[in-house]
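Observations on chain architecture
The lines below spell out each chain.
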Amino acid sequence: MGMAHFSYAKANRDLNNLWLYFANARREFLTALKTLTAEAFPKWHFQIVRELAITSSLLARDFSEWYFHPLSDLAIPDSEAPPSREAAYLLRQGSDELRAYLAKIPDSEQRQEFLKDFSDFQQISVDQFIERGDASQAWELAEKGRNVCLSWMQSKSFDTATAETFHQLFQSPQAPVAAIYWHCSPSALNAFLLQPGQPLRLFNSATSATERHVAFQQWWEEWNRDYLDYRQAKDKANPDPEHPWRTHLPERLTQLKRLLDIDGIVAELSPPDSAEPYSIPLVLFPHKELHLVPLEALFPNCFAITRLPSVQTGLALHEEPRQSTTALLSLECPTKDLPMAFFEAAAIRYLYAATALEGDNATPTATLEHLKSAYRYCHFTGHSLHEFPHPDRSLLYLAKGESLTLRQLVEEAENLSSYDLVSLSACETGIARDTDFITEYVGWASGFLAMGAKCVASSLWLVRSDASALLMVRFYELLREGDVPSVARGKAVAWLRQQTANSLIAWYDVWLTRLERNSRAFLALERRKRQQSKIKERDTPLFDDPYFWAALTVVGLD
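Parameters at a glance
Residues numbered from 1 in each chain as written. Predicted model: local features only at pLDDT ≥ 70, side-chain atom pairs only at ≥ 80, totals over all residues. Heavy atoms only, no water. Salt bridge = Lys/Arg side-chain N within 4 Å of Asp/Glu carboxyl O. Helix = DSSP H or I, 4+ residues; strand = E, 2+ residues; numbered from the N terminus. Buried < 20%, exposed > 50% of the residue type's maximum accessible area, 1.4 Å probe, protein only. Expected span 1.5 Å × (residues − 1). Arc of directions from axis to C-beta. Pairing = 2+ DSSP bridges. Core = buried A, V, L, I, M, F, W, Y, C linked by side-chain atoms within 4.5 Å. Contact = heavy atoms within 4.5 Å. pLDDT = per-residue confidence, 0-100. Polar contact = N/O pair within 3.5 Å; in protein donor to acceptor, adjacent residues only side chain to side chain.

1. What about the pattern of salt bridges?
Per the counting criterion, the structure on display carries 18 salt bridges. The closest approach of N and O atoms between Arg252 and Asp226, which form a salt bridge, is 2.7 Å. With Arg252 in helix H12 (residues 249-259) and Asp226 in helix H10 (residues 209-230), this residue pair connects regions lying 26 residues apart in the sequence. We classify Asp226 as buried; its relative accessible area is 10%. We note a salt bridge from Asp466 to Arg464, for which the minimum N-O separation is 2.9 Å. One network of salt bridges, with partners in common, ties together Arg225, Asp226 and Arg252.

2. A look at helix H21 (residues 501-512)
Its 12 residues give H21 an end-to-end C-alpha distance of 16 Å, which sits within 8% of 16 Å, the value for a rise of 1.5 Å per residue. Those residues of H21 that fall on the buried side of the exposure criterion are Ala501, Leu504, Ile505, Trp507, Tyr508, Trp511 and Leu512. Angular distribution of buried residues about the axis of H21 spans 165°; they occupy a single face of the element.

3. Structural notes on the pairing of strand S12 (residues 455-459)
With 5 of 5 residues buried, S12 is to be regarded as a mostly interior element. Residues Cys455, Ala457 and Ser459 of S12 are buried on one face, and the alternating residues Val456 and Ser458, pointing to the opposite face, are buried as well. The pairing of S12 with strand S13 (residues 552-556) spans 5 bridges and is classified as antiparallel. Its bridge partner being in S13, Ser459 is matched across the sheet by Leu552.

4. So, the nonpolar core
Residues Ile180, Trp182, Leu260, Phe299, Phe343, Trp461 and Tyr476 are the most contacted members of the largest nonpolar core, which totals 85 residues. Counting residues per element, this core draws most heavily on helix H19 (residues 465-480), at 10 residues. Look past the residues within four positions of Phe299 in its chain and what remains in contact with it is Ile180, Trp182, Ile262, Val266, Leu282, Leu284 and Ile305.

5. Here's the deal with the confidence of the model for the chain
Summing up the model confidence of the chain, the mean pLDDT is 83 and the portion of residues at 70 or higher is 85%. A low-confidence stretch, residues 75-84 (pLDDT under 50), is modelled with 17 contacts involving residues beyond four sequence positions or located in other chains. Of the regions scoring below 50 in pLDDT, residues 430-438 engages in 36 contacts with residues more than four places distant in sequence or in other chains.

6. Focus: the side chain of Asn24
Along the chain, the position of Asn24 falls in helix H2 (residues 18-33). For Asn24, the side chain forms a polar contact with the side chain of Arg27, separated by 2.8 Å.

Listed below in C-alpha coordinates is the structure:
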(Lines give C-alpha, C1' and ligand atoms only; values in the text may rest on other atoms or scores of the structure.)
Protein backbone atom coordinates (compact mmCIF):
# COMPACT_ATOMS: atom_id res chain seq x y z
CA MET A 1 0.00 0.00 0.00
CA GLY A 2 2.84 2.37 0.83
CA MET A 3 4.52 1.74 -2.53
CA ALA A 4 1.21 2.24 -4.34
CA HIS A 5 0.71 5.69 -2.73
CA PHE A 6 4.35 6.61 -3.26
CA SER A 7 4.50 5.49 -6.93
CA TYR A 8 1.24 7.28 -7.77
CA ALA A 9 2.53 10.50 -6.22
CA LYS A 10 5.87 10.26 -8.05
CA ALA A 11 4.11 9.75 -11.38
CA ASN A 12 1.60 12.60 -10.87
CA ARG A 13 3.63 15.49 -9.46
CA ASP A 14 1.04 18.09 -10.56
CA LEU A 15 -1.71 16.85 -8.20
CA ASN A 16 -3.15 19.56 -5.96
CA ASN A 17 -3.19 17.21 -2.97
CA LEU A 18 0.10 15.52 -3.78
CA TRP A 19 1.29 15.80 -0.19
CA LEU A 20 -1.58 13.57 0.96
CA TYR A 21 -0.33 10.59 -1.09
CA PHE A 22 3.17 10.92 0.34
CA ALA A 23 1.69 11.21 3.85
CA ASN A 24 -0.38 8.05 3.25
CA ALA A 25 2.72 6.26 1.95
CA ARG A 26 4.58 7.25 5.12
CA ARG A 27 1.78 5.91 7.32
CA GLU A 28 1.64 2.57 5.47
CA PHE A 29 5.43 2.14 5.56
CA LEU A 30 5.41 2.68 9.33
CA THR A 31 2.67 0.06 9.68
CA ALA A 32 4.57 -2.44 7.52
CA LEU A 33 7.76 -2.10 9.58
CA LYS A 34 5.94 -3.44 12.66
CA THR A 35 5.84 -6.84 10.95
CA LEU A 36 8.72 -6.70 8.46
CA THR A 37 11.58 -6.51 10.96
CA ALA A 38 15.31 -6.65 10.17
CA GLU A 39 15.57 -10.07 11.86
CA ALA A 40 12.64 -11.74 10.11
CA PHE A 41 12.54 -10.06 6.69
CA PRO A 42 15.86 -8.20 6.21
CA LYS A 43 15.59 -7.25 2.52
CA TRP A 44 12.01 -6.04 2.85
CA HIS A 45 12.87 -4.21 6.05
CA PHE A 46 15.80 -2.23 4.64
CA GLN A 47 13.96 -1.48 1.41
CA ILE A 48 11.01 -0.05 3.34
CA VAL A 49 13.24 1.97 5.67
CA ARG A 50 14.87 3.47 2.59
CA GLU A 51 11.53 4.30 0.95
CA LEU A 52 10.24 5.74 4.23
CA ALA A 53 13.30 7.97 4.51
CA ILE A 54 12.80 9.24 0.95
CA THR A 55 9.13 9.89 1.63
CA SER A 56 9.87 11.74 4.87
CA SER A 57 12.51 13.81 3.10
CA LEU A 58 10.04 14.85 0.38
CA LEU A 59 7.38 15.73 2.93
CA ALA A 60 9.79 17.79 5.01
CA ARG A 61 11.30 19.57 2.01
CA ASP A 62 8.30 20.26 -0.21
CA PHE A 63 5.20 20.00 2.01
CA SER A 64 6.30 21.09 5.46
CA GLU A 65 3.23 23.28 5.95
CA TRP A 66 1.00 20.16 5.90
CA TYR A 67 3.40 17.71 7.50
CA PHE A 68 2.85 16.63 11.09
CA HIS A 69 5.47 14.70 13.00
CA PRO A 70 3.94 12.37 15.62
CA LEU A 71 6.92 11.30 17.71
CA SER A 72 5.10 8.19 18.89
CA ASP A 73 5.43 6.70 15.38
CA LEU A 74 9.21 6.41 15.53
CA ALA A 75 10.10 7.20 19.13
CA ILE A 76 12.64 9.74 17.87
CA PRO A 77 14.44 11.54 20.72
CA ASP A 78 13.33 15.11 21.39
CA SER A 79 16.55 16.48 19.87
CA GLU A 80 15.50 14.91 16.58
CA ALA A 81 11.96 16.27 16.65
CA PRO A 82 11.99 18.73 13.70
CA PRO A 83 10.42 17.10 10.62
CA SER A 84 13.50 17.78 8.47
CA ARG A 85 15.53 15.44 10.72
CA GLU A 86 13.29 12.38 10.37
CA ALA A 87 14.87 11.16 7.11
CA ALA A 88 18.39 11.45 8.55
CA TYR A 89 17.28 9.65 11.72
CA LEU A 90 15.76 6.79 9.71
CA LEU A 91 18.89 6.34 7.64
CA ARG A 92 21.16 6.39 10.69
CA GLN A 93 18.95 3.85 12.40
CA GLY A 94 18.90 1.71 9.25
CA SER A 95 22.68 2.00 8.98
CA ASP A 96 23.14 0.67 12.53
CA GLU A 97 20.72 -2.20 11.85
CA LEU A 98 22.47 -3.01 8.57
CA ARG A 99 25.91 -3.23 10.20
CA ALA A 100 24.51 -5.57 12.84
CA TYR A 101 22.84 -7.74 10.19
CA LEU A 102 25.93 -7.90 7.94
CA ALA A 103 28.04 -9.09 10.88
CA LYS A 104 25.82 -12.19 11.05
CA ILE A 105 26.25 -13.16 7.35
CA PRO A 106 29.08 -15.73 7.08
CA ASP A 107 29.33 -15.76 3.26
CA SER A 108 31.47 -12.86 1.98
CA GLU A 109 29.90 -12.77 -1.51
CA GLN A 110 26.39 -12.72 -0.06
CA ARG A 111 27.45 -10.00 2.38
CA GLN A 112 28.94 -7.89 -0.42
CA GLU A 113 25.84 -8.30 -2.61
CA PHE A 114 23.59 -7.24 0.25
CA LEU A 115 25.81 -4.25 0.95
CA LYS A 116 25.68 -3.21 -2.70
CA ASP A 117 21.87 -3.34 -2.67
CA PHE A 118 21.71 -1.06 0.37
CA SER A 119 24.80 1.11 -0.09
CA ASP A 120 22.86 4.24 0.87
CA PHE A 121 22.86 3.08 4.52
CA GLN A 122 26.64 2.81 4.40
CA GLN A 123 26.74 6.30 2.92
CA ILE A 124 24.94 7.69 5.96
CA SER A 125 27.57 5.99 8.15
CA VAL A 126 30.13 8.18 6.38
CA ASP A 127 28.16 11.20 7.61
CA GLN A 128 28.31 9.84 11.16
CA PHE A 129 32.12 9.66 11.10
CA ILE A 130 32.23 13.19 9.69
CA GLU A 131 30.03 14.45 12.53
CA ARG A 132 32.51 12.88 14.97
CA GLY A 133 35.38 14.73 13.27
CA ASP A 134 37.04 11.56 11.92
CA ALA A 135 37.73 12.47 8.28
CA SER A 136 40.03 9.49 7.63
CA GLN A 137 37.51 6.88 8.79
CA ALA A 138 34.74 8.66 6.90
CA TRP A 139 36.75 8.67 3.68
CA GLU A 140 37.80 5.01 4.02
CA LEU A 141 34.17 3.94 4.40
CA ALA A 142 33.16 6.09 1.40
CA GLU A 143 35.92 4.53 -0.71
CA LYS A 144 34.92 1.01 0.34
CA GLY A 145 31.33 1.70 -0.73
CA ARG A 146 32.47 2.79 -4.19
CA ASN A 147 34.57 -0.30 -4.73
CA VAL A 148 31.75 -2.59 -3.67
CA CYS A 149 29.68 -1.11 -6.51
CA LEU A 150 32.58 -1.39 -8.97
CA SER A 151 33.52 -4.91 -7.86
CA TRP A 152 31.59 -6.83 -10.51
CA MET A 153 34.10 -5.60 -13.10
CA GLN A 154 37.22 -6.39 -11.09
CA SER A 155 39.25 -9.58 -11.19
CA LYS A 156 40.72 -9.01 -7.72
CA SER A 157 39.65 -7.55 -4.39
CA PHE A 158 39.26 -3.77 -4.40
CA ASP A 159 38.36 -2.79 -0.87
CA THR A 160 41.68 -2.12 0.85
CA ALA A 161 42.43 1.58 0.18
CA THR A 162 43.14 3.71 3.25
CA ALA A 163 43.70 7.40 3.78
CA GLU A 164 47.43 6.61 3.76
CA THR A 165 47.28 4.91 0.33
CA PHE A 166 45.17 7.81 -0.97
CA HIS A 167 48.03 10.10 0.02
CA GLN A 168 50.66 7.78 -1.50
CA LEU A 169 48.85 7.56 -4.83
CA PHE A 170 49.03 11.27 -5.55
CA GLN A 171 52.00 12.57 -3.62
CA SER A 172 54.97 11.14 -5.53
CA PRO A 173 57.85 13.66 -5.76
CA GLN A 174 57.76 13.48 -9.56
CA ALA A 175 54.14 14.58 -9.93
CA PRO A 176 52.44 16.08 -6.85
CA VAL A 177 48.70 16.16 -7.49
CA ALA A 178 45.73 17.74 -5.74
CA ALA A 179 42.53 15.70 -5.43
CA ILE A 180 38.88 16.45 -4.63
CA TYR A 181 36.77 13.52 -3.45
CA TRP A 182 33.01 14.11 -3.22
CA HIS A 183 30.65 11.96 -1.21
CA CYS A 184 26.88 12.26 -1.56
CA SER A 185 24.77 10.42 1.01
CA PRO A 186 20.95 10.47 1.06
CA SER A 187 21.10 13.56 3.29
CA ALA A 188 24.51 15.26 2.89
CA LEU A 189 27.04 16.32 0.25
CA ASN A 190 30.64 16.49 1.44
CA ALA A 191 34.04 16.95 -0.21
CA PHE A 192 37.43 15.68 0.94
CA LEU A 193 40.58 17.53 -0.16
CA LEU A 194 44.13 16.29 -0.63
CA GLN A 195 47.02 18.61 -1.44
CA PRO A 196 50.75 17.99 -1.85
CA GLY A 197 52.41 17.78 1.54
CA GLN A 198 49.14 17.86 3.50
CA PRO A 199 46.96 15.12 5.05
CA LEU A 200 43.51 14.27 3.81
CA ARG A 201 40.93 16.69 5.22
CA LEU A 202 37.26 17.59 4.94
CA PHE A 203 36.42 20.76 3.01
CA ASN A 204 34.59 23.17 5.30
CA SER A 205 32.23 25.22 3.17
CA ALA A 206 30.23 28.27 4.19
CA THR A 207 27.08 26.15 3.73
CA SER A 208 26.30 22.93 5.60
CA ALA A 209 26.54 19.50 3.95
CA THR A 210 22.78 19.13 4.31
CA GLU A 211 22.10 22.48 2.60
CA ARG A 212 24.45 21.56 -0.25
CA HIS A 213 22.70 18.22 -0.66
CA VAL A 214 19.23 19.78 -0.86
CA ALA A 215 20.41 22.48 -3.28
CA PHE A 216 22.17 19.98 -5.52
CA GLN A 217 19.22 17.57 -5.64
CA GLN A 218 16.92 20.40 -6.68
CA TRP A 219 19.46 21.52 -9.31
CA TRP A 220 19.85 17.95 -10.58
CA GLU A 221 16.10 17.35 -10.91
CA GLU A 222 15.76 20.40 -13.17
CA TRP A 223 18.88 19.60 -15.18
CA ASN A 224 17.94 15.94 -15.74
CA ARG A 225 14.28 16.68 -16.50
CA ASP A 226 15.19 19.20 -19.19
CA TYR A 227 17.96 17.05 -20.64
CA LEU A 228 15.72 13.98 -20.91
CA ASP A 229 13.22 16.12 -22.82
CA TYR A 230 15.96 17.67 -24.97
CA ARG A 231 17.36 14.31 -26.06
CA GLN A 232 13.96 13.16 -27.34
CA ALA A 233 14.41 15.37 -30.43
CA LYS A 234 13.70 13.54 -33.66
CA ASP A 235 16.66 15.15 -35.43
CA LYS A 236 19.50 14.14 -33.10
CA ALA A 237 22.14 15.49 -35.49
CA ASN A 238 20.65 19.00 -35.19
CA PRO A 239 18.83 19.23 -31.85
CA ASP A 240 16.87 22.36 -30.94
CA PRO A 241 19.32 25.14 -29.93
CA GLU A 242 16.43 27.04 -28.28
CA HIS A 243 15.47 24.20 -25.95
CA PRO A 244 15.51 25.23 -22.26
CA TRP A 245 18.29 22.75 -21.48
CA ARG A 246 20.52 24.46 -24.07
CA THR A 247 19.58 28.06 -23.27
CA HIS A 248 19.88 27.57 -19.48
CA LEU A 249 23.16 25.63 -19.64
CA PRO A 250 25.56 28.53 -18.84
CA GLU A 251 23.31 29.77 -16.04
CA ARG A 252 22.98 26.31 -14.53
CA LEU A 253 26.73 25.75 -14.56
CA THR A 254 27.10 29.02 -12.66
CA GLN A 255 24.54 27.75 -10.13
CA LEU A 256 26.37 24.42 -9.80
CA LYS A 257 29.68 26.19 -9.25
CA ARG A 258 28.12 28.24 -6.46
CA LEU A 259 26.29 25.42 -4.67
CA LEU A 260 29.38 23.17 -4.72
CA ASP A 261 31.42 26.15 -3.50
CA ILE A 262 34.07 25.63 -6.17
CA ASP A 263 35.53 29.07 -5.45
CA GLY A 264 36.05 28.02 -1.84
CA ILE A 265 37.69 24.76 -2.91
CA VAL A 266 40.00 26.58 -5.34
CA ALA A 267 40.91 29.07 -2.60
CA GLU A 268 41.98 26.17 -0.36
CA LEU A 269 43.99 24.61 -3.21
CA SER A 270 45.73 28.02 -3.57
CA PRO A 271 47.02 27.86 -7.15
CA PRO A 272 49.63 30.58 -7.72
CA ASP A 273 48.51 33.57 -9.79
CA SER A 274 51.46 32.95 -12.11
CA ALA A 275 50.43 29.35 -12.90
CA GLU A 276 50.49 28.53 -16.60
CA PRO A 277 47.33 27.09 -18.20
CA TYR A 278 46.91 23.35 -17.50
CA SER A 279 50.09 23.23 -15.39
CA ILE A 280 48.58 21.96 -12.10
CA PRO A 281 47.36 18.32 -12.09
CA LEU A 282 43.97 17.92 -10.39
CA VAL A 283 42.04 14.66 -9.97
CA LEU A 284 38.29 14.72 -9.35
CA PHE A 285 36.43 11.86 -7.68
CA PRO A 286 32.73 12.52 -8.40
CA HIS A 287 29.95 10.58 -6.69
CA LYS A 288 26.49 9.55 -7.87
CA GLU A 289 24.96 12.22 -10.14
CA LEU A 290 28.13 14.32 -10.00
CA HIS A 291 29.63 11.80 -12.45
CA LEU A 292 27.21 13.08 -15.07
CA VAL A 293 27.77 16.83 -14.85
CA PRO A 294 30.64 18.87 -16.38
CA LEU A 295 32.67 19.56 -13.24
CA GLU A 296 35.74 20.48 -15.32
CA ALA A 297 33.94 23.55 -16.66
CA LEU A 298 33.71 24.98 -13.12
CA PHE A 299 37.46 25.26 -12.49
CA PRO A 300 40.02 27.84 -13.69
CA ASN A 301 42.21 26.79 -16.61
CA CYS A 302 45.39 26.53 -14.53
CA PHE A 303 44.27 22.96 -13.69
CA ALA A 304 44.81 19.91 -15.90
CA ILE A 305 41.85 17.78 -14.81
CA THR A 306 41.20 14.05 -14.86
CA ARG A 307 38.61 11.94 -13.05
CA LEU A 308 38.71 8.59 -11.27
CA PRO A 309 35.83 6.41 -10.03
CA SER A 310 37.79 5.38 -6.92
CA VAL A 311 41.27 5.57 -5.40
CA GLN A 312 41.64 1.79 -5.63
CA THR A 313 41.09 2.04 -9.38
CA GLY A 314 43.99 4.49 -9.56
CA LEU A 315 46.21 2.22 -7.47
CA ALA A 316 45.49 -0.67 -9.83
CA LEU A 317 46.43 1.45 -12.85
CA HIS A 318 49.79 2.23 -11.24
CA GLU A 319 50.46 -1.49 -10.92
CA GLU A 320 49.71 -2.37 -14.58
CA PRO A 321 52.74 -2.86 -16.87
CA ARG A 322 53.01 -0.47 -19.82
CA GLN A 323 54.33 -1.18 -23.30
CA SER A 324 56.10 1.39 -25.46
CA THR A 325 54.20 1.74 -28.74
CA THR A 326 52.54 4.52 -30.73
CA ALA A 327 50.04 2.34 -32.60
CA LEU A 328 46.37 3.36 -32.74
CA LEU A 329 43.30 1.20 -33.33
CA SER A 330 40.48 3.11 -35.01
CA LEU A 331 37.00 1.57 -34.61
CA GLU A 332 34.93 3.39 -37.21
CA CYS A 333 31.15 3.07 -37.16
CA PRO A 334 29.90 6.56 -38.13
CA THR A 335 26.43 6.91 -39.65
CA LYS A 336 24.82 9.38 -42.05
CA ASP A 337 23.41 11.47 -39.19
CA LEU A 338 27.01 12.16 -38.04
CA PRO A 339 28.56 13.52 -41.26
CA MET A 340 31.64 15.09 -39.69
CA ALA A 341 32.42 11.83 -37.88
CA PHE A 342 33.74 10.50 -41.20
CA PHE A 343 36.26 13.36 -41.22
CA GLU A 344 37.10 12.76 -37.55
CA ALA A 345 37.90 9.08 -38.11
CA ALA A 346 39.94 9.76 -41.27
CA ALA A 347 41.91 12.60 -39.66
CA ILE A 348 42.89 10.57 -36.60
CA ARG A 349 43.81 7.64 -38.83
CA TYR A 350 46.05 10.00 -40.83
CA LEU A 351 47.76 11.39 -37.71
CA TYR A 352 48.69 7.96 -36.39
CA ALA A 353 48.82 5.71 -39.49
CA ALA A 354 46.19 3.75 -37.58
CA THR A 355 44.84 0.26 -38.00
CA ALA A 356 41.23 0.84 -39.01
CA LEU A 357 38.35 -1.51 -38.35
CA GLU A 358 35.53 0.07 -40.32
CA GLY A 359 32.16 -0.51 -41.92
CA ASP A 360 30.96 -4.11 -42.06
CA ASN A 361 34.29 -5.31 -40.68
CA ALA A 362 33.65 -3.71 -37.28
CA THR A 363 31.76 -6.65 -35.77
CA PRO A 364 31.77 -7.38 -32.03
CA THR A 365 34.00 -10.43 -32.55
CA ALA A 366 36.52 -8.52 -34.68
CA THR A 367 36.49 -5.59 -32.24
CA LEU A 368 37.27 -7.81 -29.26
CA GLU A 369 40.05 -9.59 -31.17
CA HIS A 370 41.67 -6.30 -32.20
CA LEU A 371 41.40 -4.91 -28.67
CA LYS A 372 43.54 -7.82 -27.46
CA SER A 373 46.47 -6.56 -29.56
CA ALA A 374 49.02 -4.27 -27.93
CA TYR A 375 47.90 -0.87 -29.23
CA ARG A 376 48.65 2.31 -27.35
CA TYR A 377 45.48 4.20 -28.34
CA CYS A 378 41.97 3.19 -29.34
CA HIS A 379 39.44 5.60 -30.83
CA PHE A 380 35.78 4.70 -31.39
CA THR A 381 33.58 6.79 -33.70
CA GLY A 382 29.86 6.06 -33.82
CA HIS A 383 26.79 5.72 -31.61
CA SER A 384 26.50 4.31 -28.11
CA LEU A 385 23.93 3.87 -25.36
CA HIS A 386 24.45 4.03 -21.61
CA GLU A 387 21.86 1.91 -19.83
CA PHE A 388 20.68 2.70 -16.30
CA PRO A 389 20.17 1.00 -13.90
CA HIS A 390 21.93 -1.92 -15.68
CA PRO A 391 25.28 -0.49 -16.84
CA ASP A 392 26.54 -3.89 -17.96
CA ARG A 393 23.97 -3.67 -20.80
CA SER A 394 25.39 -0.39 -22.15
CA LEU A 395 26.10 -0.63 -25.88
CA LEU A 396 28.57 0.45 -28.54
CA TYR A 397 26.76 0.14 -31.88
CA LEU A 398 28.95 -1.65 -34.41
CA ALA A 399 28.53 -3.12 -37.92
CA LYS A 400 25.39 -4.66 -39.42
CA GLY A 401 23.18 -3.58 -36.52
CA GLU A 402 25.25 -5.52 -33.99
CA SER A 403 26.56 -4.08 -30.73
CA LEU A 404 29.14 -4.67 -28.03
CA THR A 405 27.98 -4.55 -24.42
CA LEU A 406 30.00 -3.46 -21.42
CA ARG A 407 29.50 -6.94 -19.94
CA GLN A 408 31.05 -8.52 -23.08
CA LEU A 409 34.00 -6.16 -22.88
CA VAL A 410 34.74 -6.98 -19.25
CA GLU A 411 34.35 -10.73 -19.71
CA GLU A 412 36.09 -11.18 -23.08
CA ALA A 413 38.63 -8.39 -23.66
CA GLU A 414 41.04 -9.93 -21.13
CA ASN A 415 43.71 -7.23 -20.58
CA LEU A 416 43.97 -3.71 -22.03
CA SER A 417 47.03 -2.61 -20.06
CA SER A 418 48.93 -1.55 -23.22
CA TYR A 419 46.38 1.22 -23.83
CA ASP A 420 47.34 4.67 -22.60
CA LEU A 421 44.03 6.02 -23.92
CA VAL A 422 40.66 4.79 -25.12
CA SER A 423 38.45 7.54 -26.53
CA LEU A 424 34.74 7.12 -27.18
CA SER A 425 33.60 9.79 -29.60
CA ALA A 426 29.99 8.75 -29.40
CA CYS A 427 26.65 9.99 -28.18
CA GLU A 428 25.45 8.74 -24.81
CA THR A 429 28.72 7.37 -23.43
CA GLY A 430 27.66 8.89 -20.11
CA ILE A 431 24.00 9.86 -20.21
CA ALA A 432 21.47 9.65 -17.37
CA ARG A 433 18.12 7.94 -17.34
CA ASP A 434 15.16 9.09 -15.27
CA THR A 435 16.07 6.91 -12.31
CA ASP A 436 17.38 7.32 -8.77
CA PHE A 437 21.06 6.75 -8.04
CA ILE A 438 21.51 4.46 -5.08
CA THR A 439 24.89 2.98 -6.05
CA GLU A 440 28.10 4.27 -7.55
CA TYR A 441 28.13 5.23 -11.20
CA VAL A 442 29.50 2.44 -13.42
CA GLY A 443 29.95 3.05 -17.13
CA TRP A 444 32.20 2.63 -20.14
CA ALA A 445 35.04 4.58 -18.55
CA SER A 446 35.00 2.38 -15.44
CA GLY A 447 34.87 -0.72 -17.63
CA PHE A 448 37.91 0.17 -19.73
CA LEU A 449 39.85 1.23 -16.62
CA ALA A 450 38.98 -2.08 -14.95
CA MET A 451 40.51 -3.86 -17.95
CA GLY A 452 43.77 -1.94 -17.49
CA ALA A 453 43.41 1.02 -19.88
CA LYS A 454 45.12 4.02 -18.31
CA CYS A 455 42.75 6.76 -19.54
CA VAL A 456 39.32 7.07 -21.15
CA ALA A 457 38.00 10.14 -22.98
CA SER A 458 34.23 10.25 -23.31
CA SER A 459 31.26 12.60 -23.62
CA LEU A 460 28.57 13.45 -21.06
CA TRP A 461 25.95 14.34 -23.67
CA LEU A 462 25.21 14.33 -27.38
CA VAL A 463 27.16 17.17 -29.02
CA ARG A 464 26.63 18.38 -32.59
CA SER A 465 28.68 16.34 -35.06
CA ASP A 466 30.89 19.20 -36.30
CA ALA A 467 31.87 20.44 -32.82
CA SER A 468 32.59 16.91 -31.60
CA ALA A 469 34.77 16.15 -34.64
CA LEU A 470 36.76 19.38 -34.33
CA LEU A 471 37.37 18.85 -30.62
CA MET A 472 38.52 15.23 -31.01
CA VAL A 473 40.80 15.89 -33.99
CA ARG A 474 42.47 18.79 -32.16
CA PHE A 475 42.73 16.60 -29.04
CA TYR A 476 44.64 13.96 -31.03
CA GLU A 477 46.84 16.58 -32.70
CA LEU A 478 47.91 17.74 -29.25
CA LEU A 479 48.52 14.17 -28.05
CA ARG A 480 50.79 13.64 -31.05
CA GLU A 481 52.70 16.80 -30.09
CA GLY A 482 53.43 15.24 -26.68
CA ASP A 483 50.69 16.50 -24.35
CA VAL A 484 49.13 14.08 -21.85
CA PRO A 485 45.33 13.57 -22.18
CA SER A 486 44.32 16.00 -19.39
CA VAL A 487 46.43 18.80 -20.87
CA ALA A 488 45.36 17.95 -24.43
CA ARG A 489 41.72 18.13 -23.35
CA GLY A 490 42.18 21.56 -21.80
CA LYS A 491 44.07 22.95 -24.78
CA ALA A 492 41.62 21.44 -27.29
CA VAL A 493 38.68 23.02 -25.44
CA ALA A 494 40.42 26.41 -25.37
CA TRP A 495 41.17 26.10 -29.11
CA LEU A 496 37.59 25.17 -30.02
CA ARG A 497 36.15 28.09 -28.03
CA GLN A 498 38.28 30.54 -30.05
CA GLN A 499 37.43 29.24 -33.53
CA THR A 500 35.69 31.55 -36.01
CA ALA A 501 34.45 30.80 -39.51
CA ASN A 502 37.59 32.39 -40.97
CA SER A 503 40.03 30.45 -38.77
CA LEU A 504 38.25 27.16 -39.38
CA ILE A 505 38.19 27.64 -43.16
CA ALA A 506 41.98 27.98 -43.08
CA TRP A 507 42.26 24.88 -40.87
CA TYR A 508 39.93 22.94 -43.20
CA ASP A 509 42.12 23.85 -46.18
CA VAL A 510 45.10 22.20 -44.51
CA TRP A 511 43.15 19.05 -43.81
CA LEU A 512 41.63 18.86 -47.30
CA THR A 513 45.16 18.43 -48.70
CA ARG A 514 45.68 15.41 -46.42
CA LEU A 515 42.47 13.52 -47.20
CA GLU A 516 41.70 11.23 -50.10
CA ARG A 517 39.85 13.31 -52.66
CA ASN A 518 36.11 12.52 -53.00
CA SER A 519 36.19 10.23 -49.96
CA ARG A 520 33.30 10.61 -47.50
CA ALA A 521 35.63 12.42 -45.13
CA PHE A 522 36.80 14.85 -47.85
CA LEU A 523 33.25 15.56 -49.03
CA ALA A 524 31.96 16.10 -45.46
CA LEU A 525 34.75 18.57 -44.72
CA GLU A 526 34.33 20.37 -48.03
CA ARG A 527 30.58 20.71 -47.39
CA ARG A 528 31.25 22.10 -43.94
CA LYS A 529 33.73 24.61 -45.39
CA ARG A 530 31.10 25.85 -47.86
CA GLN A 531 28.57 26.25 -45.03
CA GLN A 532 30.94 28.32 -42.94
CA SER A 533 31.96 30.51 -45.85
CA LYS A 534 28.33 31.72 -45.95
CA ILE A 535 28.35 32.92 -42.34
CA LYS A 536 28.07 36.71 -42.18
CA GLU A 537 29.92 37.31 -38.89
CA ARG A 538 33.01 35.37 -39.80
CA ASP A 539 35.22 36.66 -36.99
CA THR A 540 32.84 35.69 -34.17
CA PRO A 541 33.65 32.53 -32.13
CA LEU A 542 31.27 29.75 -33.15
CA PHE A 543 31.69 27.29 -30.28
CA ASP A 544 32.12 29.32 -27.09
CA ASP A 545 28.86 28.01 -25.58
CA PRO A 546 29.63 25.25 -23.00
CA TYR A 547 27.22 22.94 -24.84
CA PHE A 548 29.93 22.42 -27.47
CA TRP A 549 32.93 21.70 -25.23
CA ALA A 550 31.98 21.02 -21.59
CA ALA A 551 30.86 17.42 -22.22
CA LEU A 552 34.37 16.05 -22.89
CA THR A 553 35.91 14.33 -19.85
CA VAL A 554 39.13 12.40 -19.28
CA VAL A 555 38.87 9.55 -16.76
CA GLY A 556 41.96 7.79 -15.43
CA LEU A 557 45.61 8.67 -14.89
CA ASP A 558 47.87 10.33 -17.44
